[in-house]
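Each chain, letter by letter, is given below.
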Amino acid sequence: MQKFTQGFYGYVFAMAVCLGAVGLFLLVTPQSRTEHIPRVDYSIALADLRRTAPFQLWAPEPVAAGWVPNSSRNTSDNGVTTWRLGFATAKRFHAMLAQSNEKPAAEFANRLANTSTVTGTVQINGVTWEQRLREDKNQRSLVRFLPDVTIVVTGTAPWDELSALAGSLKQQSRVTS
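Asks: Got a minute to help me understand the pattern of salt bridges in this structure?
Replies: When the charged atoms of two side chains lie near each other, side chains of opposite charge can form a pair. Here the structure, examined in full by the defined rule, presents 5 salt bridges. One salt bridge connects Asp136 with Arg134, and the closest N-O pair in it is separated by 2.6 Å. A relative accessible area of 61% means that Asp136 is categorised as exposed. A relative accessible area of 24% means that Arg134 is categorised as partly exposed.

As structure tokens, this is what we get:
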């Protein structure tokens, strides 16, 4: 027994036993090979904002096939309301719809797009959107300025997926309580 507890061979034997135990543990531990993207139901936030937002709200109708809404956050502070709705796209990139009545509107758009540089414009369903690109962050953004709200569609998703999200936006009717 003393042979296995002393010297170099004892160290090698102890390491082999430990590695064998770890290997056995990894072999019998259940592992999921399926993708798990958390899904959120943003319908309550949307219904609440349709009643309380001081601007005309826009929401995707319908959500594109294969897209998973995975975050929804609305804030209201000092008369400024902001709603952010995040998605995992069908190609598993990130896309986010953000809208706010923050003034000045350009500051809100610049902050969400991480750039103030407009690289072009694009027509989506007859509506002109500014295109912005932040290459070092792999972030593309579409920006639309309306009188009462600024809408930003942004993320790591390619232009076609961001355009699909922007094209799916429908004006929501206000709900009076």
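What follows continues from the structure just given.
Asks: It is not clear to me how the pairing of strand E5 (residues 120-124) should be interpreted in this structure. Could you clarify?
Replies: As paired elements, E5 and strand E6 (residues 127-134) share 5 bridges and run antiparallel to each other. Among the inter-strand pairings, Thr121 is bridged to a residue of E6, identified as Glu130. Between E5 and E6, which pair antiparallel and follow one another directly, the connecting turn spans 2 residues, one of which, Asn125, has a positive phi of 55 degrees.

Asks: Just checking my understanding: could you explain the sheet that holds strand E2 (residues 68-77) for this structure?
Replies: Sheets are built from strands that pair by backbone hydrogen bonding, the pairs being arranged parallel or antiparallel. Pairing is antiparallel across the open sheet formed by 7 strands, whose spatial order is E2-E3-E4-E8-E7-E6-E5. Two strands close off the open sheet at either side, each with one partner strand: E2 and E5. Looking at each pair of strands side by side, their axes are set apart by 20 degrees on average, direction ignored. Where strand E7 (residues 139-145) lies against strand E8 (residues 150-155), 6 bridges are found, and the strand directions are antiparallel. The residue bridging Arg144 from the neighbouring strand is Ile151, located in E8. Along the sheet, helix H5 (residues 159-167) contacts strand E3 (80-88), strand E4 (94-100), E5, E6, E7 and E8; its crossing angle with E7, the most-contacted strand, is approximately 25 degrees.

Asks: Help me understand a nonpolar patch on the surface in this model?
Replies: The grouping of Phe8, Tyr9, Tyr11, Val12, Met15 and Leu19 at the surface amounts to a nonpolar patch, some 720 Å² of accessible area in total. The exposure class assigned to Val12 is partly exposed, which follows from its relative accessible area of 38%.

Cut-off values and rules
Residues numbered from 1 in each chain as written. Predicted model: local features only at pLDDT ≥ 70, side-chain atom pairs only at ≥ 80, totals over all residues. Heavy atoms only, no water. Salt bridge = Lys/Arg side-chain N within 4 Å of Asp/Glu carboxyl O. Buried < 20%, exposed > 50% of the residue type's maximum accessible area, 1.4 Å probe, protein only. Pairing = 2+ DSSP bridges. Helix = DSSP H or I, 4+ residues; strand = E, 2+ residues; numbered from the N terminus. Axes fitted to C-alpha atoms, helices over the stretch in contact; angles between N-to-C directions. Contact = heavy atoms within 4.5 Å. Patch = residues over 30% accessible without salt bridge, like charges linked within 9 Å, V, L, I, M, F, W, Y side chains within 5 Å. Areas by Shrake-Rupley, 256 points an atom, 1.4 Å probe, with all protein chains shown as cover.

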